[in-house]
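# Descriptive analysis of the structure
Listed below are the residues making up each chain.
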Amino acid sequence: MIELIFLDVDGCLTDGGIIYTSEGKFIQKFNVKDGAAIEAWLKLGKQIAIITGRTCPCVKQRAEDLKISILKQGVRDKLACAEGILRELGLSFERCAAIGDYYNDQALLEAVALSFKPKDACEDLAVDVRLGKKGGCGAVAQMIESIIQKDGLKAQWDELWR
C-alpha cells in the first residue's frame, strides 16, 4: 500500500511553463483538481513530498495552501533527497509512488514501488504508468485516483467527497 507520493513540480504539478512579468518576477499556474486530490489524499492519512530542482516562492505558497509539510526545493539529486525523507519518516521506497516528467526524475522513478509520468512527459522516461492527462492539467489527480483504485481505498475516497 502506498503511503507517500513524491511530486515533481515543473511539468507535473504545472504544465512546465513559466510566465515572466514586466518586473522580472515569474508566475506558475497550478491545477485545482490536482490540489483537491492532494488534499483528499492527505485526509486519508497519507503523505506528499514535493521535490523540485528549482526554487520558487509560489511553490512554497502552493505547498502551504495544500498543507504539504515536506517541500524540498533547489534539489539536484532527487533520489538522495527522497532517501533522506524516508529515513526521517521511517518508510521505504516499497511504500512510495512518484511522478516525474524528465530525465532528472528517472532515478527516483526507478526506486519507488509505483512510478508515473504525465502524457506529455519525455518519451524515453521509463515508468510503470503513463497517464492520459498532461502535466498541470490534472495528471497528479489522475495518478492519485489510480493509486486509490489499486490500493482498494475507493470507499474511503468516495466518503471524503460527501
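I will try to describe carefully the structure that is included in this document. Every chain is numbered independently, its residues counted from 1 as its sequence is written. For a predicted model such as this one, the threshold for reporting local features is a pLDDT of at least 70, and the threshold for listing and counting side-chain atom pairs is 80 or more; totals across whole chains, interfaces and linings nevertheless cover every residue. Based on all heavy atoms of the structure, the side-chain values leave hydrogens and waters out of the count.

### Quick look at the pattern of salt bridges
What counts here: Within this document, salt bridges are pairs made up of a side-chain nitrogen of Lys or Arg and a carboxyl oxygen of Asp or Glu, the two lying within 4 Å of each other. Helical segments are the DSSP runs of H or I of at least four residues, strand segments are the runs of E of at least two, and each set is numbered from the N terminus. For every residue, the accessible area (1.4 Å probe, protein chains only) is compared with the maximum for its type, and the residue is labelled buried under 20%, exposed over 50%, or partly exposed between those bounds.
Applying the stated criterion across every chain yields a total of 10 salt bridges. Between aspartate 10 and arginine 54 there is a salt bridge, with its nearest N and O atoms 2.7 Å apart. You can see aspartate 10 sitting in helix H1 (residues 9-13) and its partner arginine 54 sitting in the loop between strand S4 (47-51) and helix H3 (57-66), a full 44 residues away along the chain. The exposure class assigned to arginine 54 is partly exposed, which follows from its relative accessible area of 27%. A salt bridge links aspartate 151 to lysine 150, with the shortest nitrogen-to-oxygen separation between them at 3.3 Å. Looking at aspartate 151, the relative accessible area reads 11%, which means it is buried. The network of salt bridges with common partners includes Glu3, Lys46 and Arg95.

### Let's talk about empty space enclosed by the protein
Rules: Cavities and pockets are defined on a 1 Å grid built over the protein atoms alone: a cavity is a set of grid points where a 1.4 Å probe fits but cannot escape, while a pocket is an open set with protein on both sides within 12 Å along at least five of seven lines, and lining residues are those with an atom within 4 Å of any such point. Grid points are joined across faces, edges and corners, and a volume is the space filled by probe spheres set on the points. Each residue receives one of three labels: charged for Asp, Glu, Lys and Arg, nonpolar for Ala, Val, Leu, Ile, Met, Phe, Trp, Tyr, Cys and Pro, and polar for the others, Gly being one of them.
In the structure shown here, the tally under the stated rule is 2 cavities of 30 Å³ or more. Of the volumes computed, that of the largest cavity is approximately 50 Å³. Along its surface, the largest cavity is lined by Phe6, Leu7, Asp8, Ile51, Lys78, Ala98, Ile99, Gly100, Asp105, Leu108 and Leu109. Elements with a contribution of two residues or more to the lining of the largest cavity: strand S1 (4-7), strand S6 (96-99) and helix H5 (106-111). Broken down by class, the residue content of the lining of the largest cavity amounts to 7 nonpolar, 1 polar and 3 charged.

### With respect to the nonpolar core
Applicable threshold: In plain words, nonpolar cores are sets of buried Ala, Val, Leu, Ile, Met, Phe, Trp, Tyr and Cys residues tied together by side-chain atoms within 4.5 Å. Contacts are assigned to residue pairs with any non-hydrogen atoms lying within 4.5 Å of each other.
Core analysis: the largest hydrophobic core is formed by 32 residues, its most contacted members being Ile5, Leu7, Met143 and Ile144. Contributions of two or more residues to this core are made by S1, H1, helix H2 (32-43), S4, H3, S6, strand S7 (114-117) and helix H6 (139-150). When near neighbours in sequence (up to four residues on either side) are disregarded, isoleucine 144 contacts Ile5, Ala37, Ile38, Trp41 and Trp157.

### As for the environment of alanine 82
Take alanine 82: it is sitting in helix H4 (residues 78-89). Residues alanine 82 and glutamate 145, 63 residues apart in the sequence, show an inter-C-alpha distance of 22 Å. Residue contacts for alanine 82: discarding those within four places in its chain leaves Phe6, Ile51, Phe93 and Leu108.

### Let's talk about the environment of glutamate 23
For the record, the criterion: Distance and chemistry together define a polar contact, namely a pair of N or O atoms within 3.5 Å, with one atom able to donate a hydrogen and the other to accept it when in protein, and with adjacent residues in sequence counting only for side-chain atoms on both sides.
Considering the arrangement of structural elements, one finds glutamate 23 in the loop between strand S2 (19-20) and strand S3 (26-27). As for glutamate 23 and arginine 76, which are separated by 53 residues in sequence, their C-alpha atoms are 28 Å apart. Here serine 22 takes part through its side chain, which lies 3.1 Å from a polar atom of the side chain of glutamate 23.

### With respect to the packing of aromatic side chains
The test is simple: Each Phe, Tyr or Trp ring (for Trp, its six-membered ring) is paired with any other whose centre lies within 6.5 Å, and the angle between the two planes then decides the class: stacked below 30 degrees, edge-to-face above 60, tilted in between.
According to the stated counting rule, one finds 4 aromatic pairs in the structure shown. Note on tyrosine 102 and tyrosine 103: the rings are 4.9 Å apart at their centroids and 65 degrees apart in plane angle, and the pair reads as edge-to-face. On the basis of relative accessibility, which here comes to 47%, the residue tyrosine 102 falls in the partly exposed class. Tyrosine 103 sits in the partly exposed class, given a relative accessible area of 44%. For the ring pair tryptophan 157 and tryptophan 161, a centre distance of 5.5 Å and an interplane angle of 65 degrees mean the geometry is edge-to-face. Overall, tryptophan 161 belongs to the partly exposed group, its relative accessible area being 48%.

Fair warning: the whole summary comes from geometry, so function is off the table for now.
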